[in-house]
Amino acid sequence: MREALAASVGTSQMGMEADSEHAADRIAAMAFGPRLGSLLIRYRDANQRRWEREAVAMIAHRVVRAHKISQQIGLAVARCALIEWSQPQCSTCRGAREMMGASLKIACHDCAGSGVRRYTDIERHRVIGAWGGRVARGYDLALATITNAVMTTTGVTRAQLERDKI
Ligand SMILES: [Zn+2]
């Protein structure tokens, strides 16, 4: 699997080095396909909690396998990442990315102008019950898995819409 991924991106030394491991994880996340993405979009946009369990299980499965963490922590990591992704608005600027200063608009301090609420590692630690090392790397993978799955699904849907127009 890693060899195939390495070949597909023209990288020869995957597996040993941490950065390459990380790259392989990200590519593997991209390959997750539309199923997870459609679950996630329904979960977020239609507020359909019944999709949560399957989405969390899929994300956790990948995180547990990739980073050798326990099933329990893997599920907690997946759940926390899902919350962070589905409730992304910065609570200070409400997603507007900027605030009105005395005479000009300034980038929101709390989200550094991203409009997105980034959870702190302390918050993540509290929600998950563990942090650092493999758990932190697993969390990165969980977030990457989510965003890539949604991008894949959105891309597939857009391509289908384009094709149907013709
Ligand atoms: Zn903000």
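Residues numbered from 1 in each chain as written. Predicted model: local features only at pLDDT ≥ 70, side-chain atom pairs only at ≥ 80, totals over all residues.

Quick look at the overall build of the chain
In step 1: Secondary structure assignment for the chain yields 7 helices and 2 strands.
In step 2: For the chain, the succession of helices and strands along the chain, N to C, is α-α-α-α-α-β-β-α-α.
In step 3: Once local pairs closer than 6 in sequence are excluded, the contacts in the chain between residues at least 24 apart make up 52%. (Helix = DSSP H or I, 4+ residues; strand = E, 2+ residues; numbered from the N terminus. Contact = placed C-beta atoms within 7 Å.)

Description of the confidence of the model for the chain
In step 1: Looking at the chain, pLDDT values average 80 and 80% of them are 70 or higher.
In step 2: Low pLDDT (under 50) marks residues 1–17, which in the prediction has 18 contacts with non-local residues, meaning those over four places away or in another chain. (pLDDT = per-residue confidence, 0-100.)

Regarding the packing of helix H3 (residues 34–45) against helix H4 (residues 52–67)
In step 1: Two elements in contact, H3 and H4, have axes separated by 9 Å at closest approach and are oriented at 135°. One element, H3, and the other, H4, form an angle in the oblique class. Handedness of the H3/H4 crossing: left-handed. Seen from H3, the contacting residues are Leu36, Leu39, Leu40 and Tyr43; seen from H4, they are Glu52, Glu54, Ala55 and Met58.
In step 2: Across the contact of H3 with H4, the residue classes break down as 6 nonpolar, no polar and 2 charged. (Axes fitted to C-alpha atoms, helices over the stretch in contact; angles between N-to-C directions. Parallel < 35°, antiparallel > 145°, perpendicular 65-115°, else oblique. Left-handed = near helix turned anticlockwise from the far one by under 90°. Nonpolar A, V, L, I, M, F, W, Y, C, P; charged D, E, K, R; others polar.)

Focus: the nonpolar core
In step 1: Judged by nonpolar contacts, the single largest core of 27 residues is most densely connected at Ile59, Val63, Val77, Ala78, Ala81 and Ala142.
In step 2: In terms of residue count, the dominant contributor to this core is helix H7 (residues 133–165) (8 residues).
In step 3: For Ala142, the residues in contact, after removing those within four places along its chain, are Ile59, Val63, Val77, Ala78 and Ala81. (Core = buried A, V, L, I, M, F, W, Y, C linked by C-beta atoms within 7 Å. Buried ≥ 20, exposed ≤ 12 C-beta atoms within 10 Å, placed from the backbone.)

Re unusual backbone geometry
In step 1: Phi is positive for Arg94, close to 55°, though the residue is something other than glycine.
In step 2: Positionally, Arg94 belongs in the loop between helix H5 (71–86) and strand E1 (98–100).
In step 3: Located in the positive-phi region is Arg97, a residue other than glycine, with phi close to 75°.
In step 4: Take Arg97: it is sitting in the loop between H5 and E1.

Regarding H4
Count 3.6 residues to each turn of an α-helix, and residues three or four apart come out pointing the same way.
In step 1: Here H4 is 16 residues long and its end C-alpha atoms lie 22 Å apart, about the 22 Å a rise of 1.5 Å per residue gives.
In step 2: For H4, every residue scored as buried is listed here: Ala55, Val56, Ile59, Ala60, Arg62, Val63, Ala66 and His67. The buried side chains of H4 occupy one side of the element, clustering within an arc of 160° when seen end-on. (Expected span 1.5 Å × (residues − 1). Arc of directions from axis to C-beta.)

Quick notes on the environment of Ile59
In step 1: Secondary-structure assignment places Ile59 in helix H4.
In step 2: With 30 C-beta atoms packed within 10 Å, Ile59 lands in the buried category.
In step 3: Among residues more than four places away in sequence, those in contact with Ile59 are Ala78, Ala81, Ala142, Thr145 and Ile146.

Remarks on the environment of Ala57
In step 1: Its location among the elements puts Ala57 in helix H4.
In step 2: The class of Ala57 is partly exposed, set by 13 C-beta atoms lying within 10 Å.
In step 3: On a C-alpha basis, the gap between Ala57 and Gln71 in space is 9.7 Å, while along the polypeptide they are 14 residues apart.

Quick word on the environment of Ala144
In step 1: You can see Ala144 is positioned in helix H7.
In step 2: In the structure, Ala144 is positioned 63 residues away from Ala81 in sequence and 9.4 Å away in space, judged by C-alpha atoms.

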